Amino acid sequence: DCDEALAKRVSCLARKIGGGNVASEEDTTYDYSFWSKYDSQYDSINSRVKSQVYLDKRDDAFDNIIELLRFSCTYDLTKTKEEAERFISNALGDLLFLTHDLFDLTAVTALTKLFLPLNEEEDGTITAQGKSDVLWRAIRITFHLRDIANFSIETLNQNELLPLVIQKELHQAG
């Protein structure tokens, strides 16, 4: 089926290792050496940046994963969505020190559009109501978005600067 095939495509693009079952989160890791921008994934200060051809391949894989997430949200492809969200969640968490540069304004804007609109619950918690809240969950858990706290929900939902604020936080964290 189409959903299963696209989920496997996301898994291949993400360089998933282990956890052969697409829908399984157990033992899911990714090829850190592929996602690292540097020759040494652990020492970005003393390492050389990889070749432009390599970086373009890495950028293309990431852009394709985001595009497949958008596609899966449009056509309700659950397995594809789960696989793409799993990788993006890892890229925003454990892999952020390797992947923060991939979260450019285009990527952050696409992911922001997927989590909007935001809603404020009675207890003051802000929740995402869109088709994919993977970016919102990551930034709520990992980052303190001080700049966002000054705006109303209505402003955030209509604010075209929200992706820029999020991108700034991601790059500072990376």
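Above this text sits the structure in question.
None of these values were measured; they are calculated from a predicted model.

**Observations regarding the nonpolar core**
Counting residues in hydrophobic clusters, the biggest one holds 44 residues, and the most contacted among them are F87 and I88. At the level of secondary structure, the elements contributing two or more residues to this core comprise α1 (2-13), α2 (32-35), α3 (52-74), α4 (78-92), α6 (105-115), α7 (134-142), α8 (153-158) and α9 (162-173). No other element matches the seven residues that α3 contributes to this core. Those residues within four positions of I88 in sequence are excluded, and the remaining contacts are I65, I66, L69, F103, L111 and V134.

**Examining a negative patch on the surface**
Together, E120, E121, E122, D123 and E154 give the surface a local cluster of negative charge. With relative accessibility at 61%, the residue D123 sits in the exposed group.

**A look at the side chain of R58**
Assignment of secondary structure puts R58 in helix α3. Within the local environment of R58, its side chain forms a polar contact with the backbone oxygen of L98, the two atoms lying 2.7 Å apart. Other than its neighbours up to four places away in sequence, R58 contacts F34, W35, S36, K37, L98, T99, D101 and L102.

**Topic: the packing of α3 against α6**
At a closest axis distance of 11 Å, the pairing of α3 and α6 adopts a crossing angle of 20°. Put simply, α3 runs roughly parallel to α6. With respect to the hand of their crossing, α3 and α6 are arranged in left-handed fashion. Along its contact with α3, which presents F62, I66, L69, R70 and C73, the element α6 presents A107, A110, L111 and L114. Across the contact of α3 with α6, the residue classes tally to eight nonpolar, no polar and one charged.

**Some points on unusual backbone geometry**
The step from L116 to P117 runs through a cis peptide bond, and the omega angle for that step is 5°. Mapped onto the fold, P117 is located in the loop between α6 and β3 (118-120). Positioned with a positive phi, R15 is a non-glycine residue whose angle comes to about 60°. Mapped onto the fold, R15 is located in the loop between α1 and β1 (16-17). Its identity is not glycine, yet D76 carries a phi of approximately 50°, on the positive side. On the secondary structure map, D76 appears in the loop between α3 and α4.

What counts as what
- Residues numbered from 1 in each chain as written.
- Predicted model: local features only at pLDDT ≥ 70, side-chain atom pairs only at ≥ 80, totals over all residues.
- Heavy atoms only, no water.
- Core = buried A, V, L, I, M, F, W, Y, C linked by side-chain atoms within 4.5 Å.
- Buried < 20%, exposed > 50% of the residue type's maximum accessible area, 1.4 Å probe, protein only.
- Helix = DSSP H or I, 4+ residues; strand = E, 2+ residues; numbered from the N terminus.
- Contact = heavy atoms within 4.5 Å.
- Patch = residues over 30% accessible without salt bridge, like charges linked within 9 Å, V, L, I, M, F, W, Y side chains within 5 Å.
- Areas by Shrake-Rupley, 256 points an atom, 1.4 Å probe, with all protein chains shown as cover.
- Salt bridge = Lys/Arg side-chain N within 4 Å of Asp/Glu carboxyl O.
- Lys, Arg positive; Asp, Glu negative; His and termini not counted.
- Charge placed at Lys NZ, Arg CZ, Asp CG, Glu CD.
- Polar contact = N/O pair within 3.5 Å; in protein donor to acceptor, adjacent residues only side chain to side chain.
- Axes fitted to C-alpha atoms, helices over the stretch in contact; angles between N-to-C directions.
- Parallel < 35°, antiparallel > 145°, perpendicular 65-115°, else oblique.
- Left-handed = near helix turned anticlockwise from the far one by under 90°.
- Nonpolar A, V, L, I, M, F, W, Y, C, P; charged D, E, K, R; others polar.

So yeah, pure geometry; function would need other evidence.
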